[in-house]
2 protein chains.
Amino acid sequence: MQRRGGGGGGRDGPGGRTIVTLADVARAAGVHYSTVSRALDPVSSAQVNLETRQRLQALATRMGYQKDMVASGLKRGRTHTVAVIAGDLGNPNLAPVLRGIASGLEQAGLMTLISETQFDSARLERILNHLMSRRVDAIIMTAARPRDAPTLRWIRRQGLPLVLAIQTVPGIRLPACTNDDYLGGVLAARHLLSLGHRRLAQLRGPMEFSSCFLRAQGFSKTVAAAHAEEVVVRSTALWGSPEMGGALMRELLDKKGARPTGIFAHHDLTAFGALSVAEERGLTCPRDLSIVGYHNLPHNDRIAPPLTSISQPREELGRTAAEILIAVLSKPGRTPAPRLVRPSLVVRKSTGPPPKAQ
Amino acid sequence: MQRRGGGGGGRDGPGGRTIVTLADVARAAGVHYSTVSRALDPVSSAQVNLETRQRLQALATRMGYQKDMVASGLKRGRTHTVAVIAGDLGNPNLAPVLRGIASGLEQAGLMTLISETQFDSARLERILNHLMSRRVDAIIMTAARPRDAPTLRWIRRQGLPLVLAIQTVPGIRLPACTNDDYLGGVLAARHLLSLGHRRLAQLRGPMEFSSCFLRAQGFSKTVAAAHAEEVVVRSTALWGSPEMGGALMRELLDKKGARPTGIFAHHDLTAFGALSVAEERGLTCPRDLSIVGYHNLPHNDRIAPPLTSISQPREELGRTAAEILIAVLSKPGRTPAPRLVRPSLVVRKSTGPPPKAQ
DNA sequence: TACGGCCTTGCAAACGTTTGCGCCAGACCG
DNA sequence: CGGTCTGGCGCAAACGTTTGCAAGGCCGTA
């Protein structure tokens, strides 16, 4: 299929490019190719005489030799490739995380393969088969939900190292890196409480995501500990959007009883939708109600009013996930402890003291 | 290194998982493994007798056989992997494009490898070496600039199929998929002109990006064709940010002569910054000036005033890039024509008729 | 019946790298 | 001076798949 060059050796690649192999270098150096292999491999290079080693290394770089990772992968069973399985690549919050992962892995000589399940389990299965057949060294999963637990266990049974990022799954012990969403909820609650709010509410995201669940818990516990009141509305089924936020806000305002003055939205977009509905109802923010968002989207200071929000270091999360994965690969036995990345509160104009009237 | 199982055959993978090979299936079926290979390969399966073929296919799936793509890649020289080289993965506009690419490629059985240059040419070189050594089948490059032309030519010389996405490079003929940025500029200009504006200006992005260059051209030509006036300010060195927008806006307002009333920002974030500065100077939008942004970021309708913007189908762009790539791979000789994805204008409240006074 | 043409299947050599094993020469020791 | 040890290198067998080639059987025709 692939022609061997006549004189100089070297293989013709698909596009007619010449590929220099170990054999080519060996021929040029007058040694056996296994010697070249050893000379170029950092660990076995001690087995070859110092000066031949240096000569071969110099020759290899001069000839433009590049180890064929495919062949190496076949032989060694390690492809130096890590797959990231995301739920929705369209989610803008994901990009910085991916960046962190990719740059963190790159430093360890690992490449990043990305794929997207679109939260479809058949698709996930197809992807996993693909990845197994490609012999990836490990998997990072970014949007795992409780219902994915069997799949996660399956992956683990296959012996594939697995690290969770962004979301964790209760009841399954796996190395993971997430935001400290519980703390995020606490920060939001504390902020509103410290401003004097005593009637609070949450516009919650889907509770199957650990991030939302923990945010809700952190918030509720803090509110309860302060003996303040929390008005409960249902959580959304879909992830943050203005429409969802509007719907929840309407539901909240339609409830009988005193209206909450401090609101914690699990997503900035949800907060936007809620603000629109509040304005329709003649409420102004922050005079009549305060609202805290989540994610600290880049335009929060341009909207009216600029949105107080919880900021998460997303790229750091990705880098940390990469670190964990590298640790797992280097010592397969141990499961590193889950790691948390701390969020912080960014105060803007959408929060203030509650109205005096109440 | 890897132990062979005693009785049943099968290889033990890194984590102790058992891998079923062609030889295992063949042994179980009592045929030679080459026959199994042929039976399972869609093109050569015609060579094997219908009923053995079916028997082998059934047995293979029953035994959980999965073709080892690494071994196949070594033999065939095709890895079914495509690399996407991005400039900045943190750019939120990129995520939908990546999604489009990944899902488009997946349908052709190709996997997507992503990497990020951070606009550092040494890094780009390292990445390319890595990719070559990994024998990727093709490369998609998303943020090429004129200064990258030598590298692009080098890739082409290596015989690696290459497709540009989002940005093109003048003077180098390569298959590409971009937004019709020229049209975007035209749409912005037409909109402002049709509202009655006669003095216009642009807050331009870095002109080394073909996208910005073409937007600028489309806008300027349309303005000139309408015999309206364009006030020129320098373009930014960095990509859209509120700070950049503010700086450019200040420069524009400090110019002597009549103030432009219609402004086209090459990025929504630039527009946001410009709006802030305008407000500082006591100008209100859209009463005193109109502004059109670009990218149609998801929160444009929540800012004050909601921002008129040019929307680009980003995911479609990614899918189209994938289509082009697949075409290139299927017939290596031909260079498919560059394709354009059409943007559209989304009118909101930041644009209106010019002030009567002028 | 002999022979040429198929349809199927087996054989074995690749693809490029890694690595256990063994060989050789030189050094060292008794 | 003979034996053992060791550093350095070559040999060849893998890793799992693909594929040209050939061999065997079967059929049809001369």
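Residues numbered from 1 in each chain as written. Chains lettered and ligands numbered in written order. Predicted model: local features only at pLDDT ≥ 70, side-chain atom pairs only at ≥ 80, totals over all residues. Heavy atoms only, no water.

Student: Give a detailed account of the nonpolar core, specifying residues and quantitative values.
Tutor: Residues Ile140 of chain A together with Ile140 of chain B are the most contacted members of the largest nonpolar core, which totals 52 residues. When sequence neighbours within four positions are dropped, the list of residues in contact with Ile140 of chain B reads Val82, Ala83, Val84, Ile85, Ile101, Val163, Ala165 and Leu325 of chain B. Counting 48 residues, the second largest nonpolar core, distinct from the first, contains Val277 and Leu289 of chain A together with Ala201 and Leu297 of chain B. (Core = buried A, V, L, I, M, F, W, Y, C linked by side-chain atoms within 4.5 Å. Buried < 20%, exposed > 50% of the residue type's maximum accessible area, 1.4 Å probe, protein only. Contact = heavy atoms within 4.5 Å.)

Student: Residues and numbers for the domain arrangement of chain A, please.
Tutor: One can read the domain layout of chain A as domain 1 (11-67), domain 2 (75-179 + 314-341) and domain 3 (181-313). Once you take the C-alpha centre of each, domain 1 of chain A and domain 3 of chain A turn out to be 62 Å apart. (Domains from an automatic or database assignment.)

Student: I'd like a rundown of the pairing of strand β3 (residues 81-86) of chain A, residues and numbers included.
Tutor: Residues and elements named next belong to chain A. For β3, the buried fraction is high: 6 of the 6 residues fall into the buried class. Alternating positions in β3 separate into two faces, Thr81, Ala83 and Ile85 on one and Val82, Val84 and Ala86 on the other, with burial throughout. When β3 meets strand β4 (residues 111-116), the two strands line up parallel, connected through 6 bridges. Within β4, the position partnered with Ile85 by the bridge is Ser115. Remark: the β3/helix α5 (residues 94-106)/β4 crossover connection has right-handed handedness. As paired strands, β3 and strand β5 (residues 138-141) are joined by 4 bridges and run parallel to one another. Directly across from Val84, in β5, lies its bridge partner Ile140. (Helix = DSSP H or I, 4+ residues; strand = E, 2+ residues; numbered from the N terminus. Pairing = 2+ DSSP bridges. Right-handed = clockwise from strand over helix to strand, strands pointing away.)

Student: Which residues make up the environment of Ala265 of chain A, and what values go with them?
Tutor: All names here are of chain A. Checked against the element boundaries, Ala265 lands in strand β10 (residues 262-265). For the pair Ala265 and Thr151, spaced 114 residues apart in sequence, the C-alpha separation works out to 31 Å. Ignoring sequence-local partners within four residues, the contact set of Ala265 consists of Leu203, Thr270, Ala271, Val292, Gly293 and Tyr294.

Student: Could you give me a rundown of the pattern of salt bridges, with the residues and numbers involved?
Tutor: Applying the stated criterion across every chain yields a total of 38 salt bridges over all chains. Residue Arg287 of chain B pairs with Asp288 of chain B through a salt bridge whose shortest N-O separation is 3.2 Å. Judged by relative accessible area, Arg287 of chain B falls into the exposed class, the value being 58%. A residue is classified by how much of its surface remains accessible, and Asp288 of chain B, at 11% relative accessible area, is buried. The network of salt bridges with common partners includes Asp88 and Glu116 of chain A together with Arg99, Glu315 and Arg319 of chain B. (Salt bridge = Lys/Arg side-chain N within 4 Å of Asp/Glu carboxyl O.)

Student: How would you explain the interface of chain A and chain B if you had to name every residue and give the values?
Tutor: Listed by partner, the interface residues are 62 residues for chain A and 61 residues for chain B. Linking chain A with chain B are 10 salt bridges, by the criterion used here. When the shortest N-O distance is used, the salt bridge between Glu116 of chain B and Arg99 of chain A registers 2.9 Å. Linking chain A with chain B are 24 residue pairs in polar contact (both at pLDDT 80 or more). Every element with two or more residues in the side of chain A that touches chain B is listed here: α4 (69-76), α5, β4, α6 (121-133) and α11 (268-280) of chain A. Taken together, the 3 bridges between β4 of chain A and strand β4 (residues 111-116) of chain B define a ladder with antiparallel strand orientation. When the sheet's bridge partners are listed, Ile114 of chain A is paired in β4 of chain B with Thr112 of chain B. (Polar contact = N/O pair within 3.5 Å; in protein donor to acceptor, adjacent residues only side chain to side chain.)

Student: Talk me through helix α8 (residues 181-194) of chain A; I want residue IDs and the actual numbers.
Tutor: Residues and elements named next belong to chain A. Taking 1.5 Å per residue, 14 residues should reach 20 Å; α8 reaches 20 Å between its end C-alpha atoms and fits that length. The element α8 is largely enclosed, with a buried count of 11 among its 14 residues. Along α8, the positions that sit buried rather than exposed are Asp181, Leu183, Gly184, Gly185, Val186, Leu187, Ala188, Ala189, His191, Leu192 and Leu193. Trailing α8 by a residue or two, Gly196 shows a phi angle of about 110°, which is positive. (Expected span 1.5 Å × (residues − 1).)

Student: Explain the relation of the copies chain A and chain B to me, and be specific about the residues and the numbers.
Tutor: Rotating chain A by 180° and moving it 0.0 Å along the rotation axis overlays it on chain B with an RMSD of 0.2 Å. The operation mapping one copy onto its partner corresponds to a two-fold rotation axis. (Least-squares fit on C-alpha atoms with pLDDT ≥ 70 in both.)

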